[in-house]
Each structure stands twice: as structure tokens, then as C-alpha cells.
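Architecture and fold: a report
Spelled out from the first residue to the last, the chains are:
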Amino acid sequence: MRRYDVVMPSSLVPPPPATWSWLGGRPALDLVNTLRDRGRAPRETLRTPSDLGAWLAAAGLAAGDEPPPSAVLDEARDLRAAIDAVVTALVAGAPVPPAAVTQIDDWLVHAGSRPLLTLSAHGLPALGERPPADSPRRALGTIALDAATLLGTPEGRARLRICASETCGTRFFDRSPAGARRWCSMRTCGNEAKARRHRERARPPRPPAVR
Ligand SMILES: [Zn+2]
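Numbers given to residues run from 1 along each chain, matching the order in which its sequence is written. Note on the predicted model: pLDDT of at least 70 is required for a residue's local features to be given, and 80 or more for side-chain atom pairs to be given and counted; whole-chain, interface and lining totals, by contrast, use all residues.

As for the overall build of the chain
Where helices and strands are cited, they refer to DSSP runs of H or I of at least four residues and of E of at least two residues respectively, numbered from the N terminus. Broken down by element type, the chain carries 7 helices and 6 strands. Start at the N end of the chain and walk to the C end: the helices and strands fall as α-β-β-α-α-α-β-β-α-α-β-β-α. In the chain, which comprises 211 residues, the share counted as buried stands at 34%. Taking as baseline every contact in the chain between residues at least 6 positions apart, the subset at least 24 positions apart corresponds to 57%. Our exposure labels follow a C-beta count within 10 Å of each residue's own C-beta, placed from the backbone: buried means 20 or more other C-beta atoms, exposed means 12 or fewer, and partly exposed covers the counts in between. For the purpose of contact definition, each residue receives a C-beta atom placed from its backbone, and two residues are in contact when these atoms lie within 7 Å.

As C-alpha cells, then:
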């Protein structure tokens, strides 16, 4: 179960492969983080349409009953690159690439729910949600909407972070009360940094140079 509000909870969610990280705290950042270890040697975890289908299902964004067409995998990777281009520019205080903004905006037409009114078993009208005609693209639209909310508002931008570990590169949304979180996770990168600082402090001072 993700920590963000999901649009379409599914009972068909397969267990996510251990390679996926859910530390982003937002669907848009978790999608970006499907390219793992960006700081070291980037590792692709969305290799096939089935990977994307399983990821969308694990994220609670699509039913995941069948893999999306392979064209959607390319589109998902393109959207991921566009979101990250804006994220990295904002974090670095660099100019935001206009093409990336347009690309995210193009996906917003796929976002949003379509209401459905049916008659329930009790004979009462029931308001529900119309099943999407194009589930994977709708899910990508939902991710784009999350990206737009995150990147397009001062509150969202103020909480955008990249893990301070040189090798990690995980993008995350800082929900800490003080807004001073530096690591994607205290259990991994935060602990490593703490251990490194400890080793550095414990190292004996160097003897004076012999002349
Ligand atoms: Zn990290």
C-alpha cells in the first residue's frame, strides 16, 4: 500500500519486485525513481510493458490485469524523463526546460475521474467511477497531474528533494515537519552517512610530518 492517496485501489496488485523504491512519497517521484541509482550507474526497472503494468498496479494506479501496449512503455519513460528534467532543474535552481513542462501538460488531458451513476442492488442511485477506456494512459495522466501539483505550486516545489547521498539520487517529497530531510531513508542512506561521519571522527589524528 502506497502512502499517497490512490485513485484506483486494486485487489489484483502483485507484490512489487524488490528493485522498486517507494520512498518518493508521490506517484510522480516514485515513477522517476523507477530509474534506480541515478547517482551511480542508472538501472532501468521498467524494462518491459509487463514491468510497467505491474508497477502501475503496485502503485495503485491501474488494475494491472494485462500489460500495456509497448508504445505506452516508451510514453511512460518519456513522461518520467520530462518530470525529472523539471525536478532536477528546480532542485539545482537552474532554468526549467520548457519542452519538459509542455510534455507533462500534454498528459493532463488523460487525468481525472469520470463519474458514473448506476442503480444499486437496493434500488438507489449510486455515484461511482466509470472504468477507464485506456487504463495505463489514464494512470500516466494521474501521475502527470501529481507532477503538475508538485512542480506547479510553491508548496510542492518547497518540499522537493534529491537524496544527499552521492550514489543514491532518489527523488523524494519531504513531509518532515521541519522540511529538513536530507536522505531518502534514514535506514539506508542516512545511516551510511552517519557511520561515515563516525569513522571520520574516530580516525586518529595524523602524526606530524617527519623532517
Ligand atoms: Zn538515498
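Here's the deal with unusual backbone geometry
Even without glycine at this site, Asp37 takes up a positive phi of about 50°. Inspection of the secondary structure puts Asp37 in the loop between β1 (35-36) and β2 (43-44). Taking the number of C-beta atoms within 10 Å as the measure of exposure, Asp37 has 14 and is therefore partly exposed.

Things to note about helix α5 (residues 135-151)
For a helix, the expected span equals 1.5 Å multiplied by the number of residues minus one. Taking 1.5 Å per residue, 17 residues should reach 24 Å; α5 reaches 24 Å between its end C-alpha atoms and fits that length. In terms of burial, α5 is largely enclosed, as 16 of its 17 residues are buried.

A look at the pairing of strand β4 (residues 125-129)
Counting buried residues in β4 gives 0 out of 5 residues, a small share hidden from the surface. DSSP-based pairing: two strands are paired if at least 2 bridges between them are found. In this structure, strand β3 (residues 115-119) lies alongside β4, joined through 5 bridges in antiparallel fashion. Counterpart to Pro115 in the pairing with β4 is Glu129.

Focus: the nonpolar core
Most often, soluble globular proteins have nonpolar side chains that are buried together. Judged by nonpolar contacts, the single largest core of 43 residues is most densely connected at Ile83, Ile143, Ala144 and Ala147. Of all the secondary structure elements, the ones that give two or more residues to this core are α1 (27-32), α2 (49-58), α3 (70-92), α4 (98-107), α5 and β6 (171-173). Per element, the largest residue contribution to this core is 9 residues, and it comes from α5. Setting aside its immediate chain neighbours within four residues, Ile143 contacts Pro27, Ala28, Leu31, Leu61 and Leu79. Working definition: the nonpolar core is a set of buried Ala, Val, Leu, Ile, Met, Phe, Trp, Tyr and Cys residues, joined through C-beta atoms within 7 Å.

Concerning the pairing of β3
The element β3 is largely exposed, with a buried count of 0 among its 5 residues. Counted along the chain from β3 to the antiparallel partner β4, the turn is 5 residues long, and its residue Gly123 has a positive phi close to 80°.

Thoughts on the packing of α3 against α4
In this analysis, axes come from line fits to C-alpha atoms, helices being fitted only over the stretch in contact, and the angle between any two N-to-C directions falls in the range 0 to 180 degrees. Closest axis-to-axis distance for the α3/α4 pair is 8 Å, and the angle between their directions is 130°. Relative to α4, the element α3 lies oblique. Along this stretch, α3 crosses α4, giving a crossing that reads as left-handed. Of the residues in α4, those in contact with Asp78, Leu79, Ala82, Ile83, Ala85 and Val86 of α3 are Ala100, Val101, Gln103, Ile104 and Trp107. By the convention adopted, Pro, Cys, Tyr, Trp, Phe, Met, Ile, Leu, Val and Ala count as nonpolar, Lys, Arg, Asp and Glu as charged, and the other residues, Gly among them, as polar. Here the residues of the contact of α3 with α4 are counted per class, giving 9 nonpolar, 1 polar and 1 charged. We call two directions roughly parallel when the angle between them is under 35 degrees, roughly antiparallel when it is over 145, roughly perpendicular when it lies between 65 and 115, and oblique otherwise. Two helices crossing with the near one rotated counterclockwise from the far one by less than a right angle form a left-handed crossing, whereas a clockwise rotation gives a right-handed crossing.

As for the environment of Leu127
Its place among the elements puts Leu127 in strand β4. Overall, Leu127 belongs to the exposed group, with 9 C-beta atoms counted inside 10 Å. In this structure the C-alpha to C-alpha distance between Leu127 and Pro115, which are 12 residues apart in sequence, comes to 7.0 Å. Beyond its immediate stretch of four places on either side in the chain, Leu127 contacts Pro115 and Leu117.

Some points on the environment of Arg182
Looking at the secondary structure, you find Arg182 in the loop between β6 and α7 (186-202). Using a count of 15 C-beta atoms within 10 Å as the deciding quantity, one classes Arg182 as partly exposed. Between the alpha carbons of Arg182 and Ala164 there is a distance of 5.6 Å; along the sequence they are 18 residues apart.

What about the confidence of the model for the chain?
Each residue gets a pLDDT score, which is the predictor's confidence in that residue and runs from 0 to 100. Here the chain shows a mean pLDDT of 87. Residues at 70 or above account for 87%. Across the chain, element-level confidence peaks in α4 with a mean pLDDT of 98 and bottoms out in α7 with 87. Within the model, pLDDT remains below 50 along residues 5-16, and this stretch shows 26 contacts once partners closer than five positions in the same chain are excluded.

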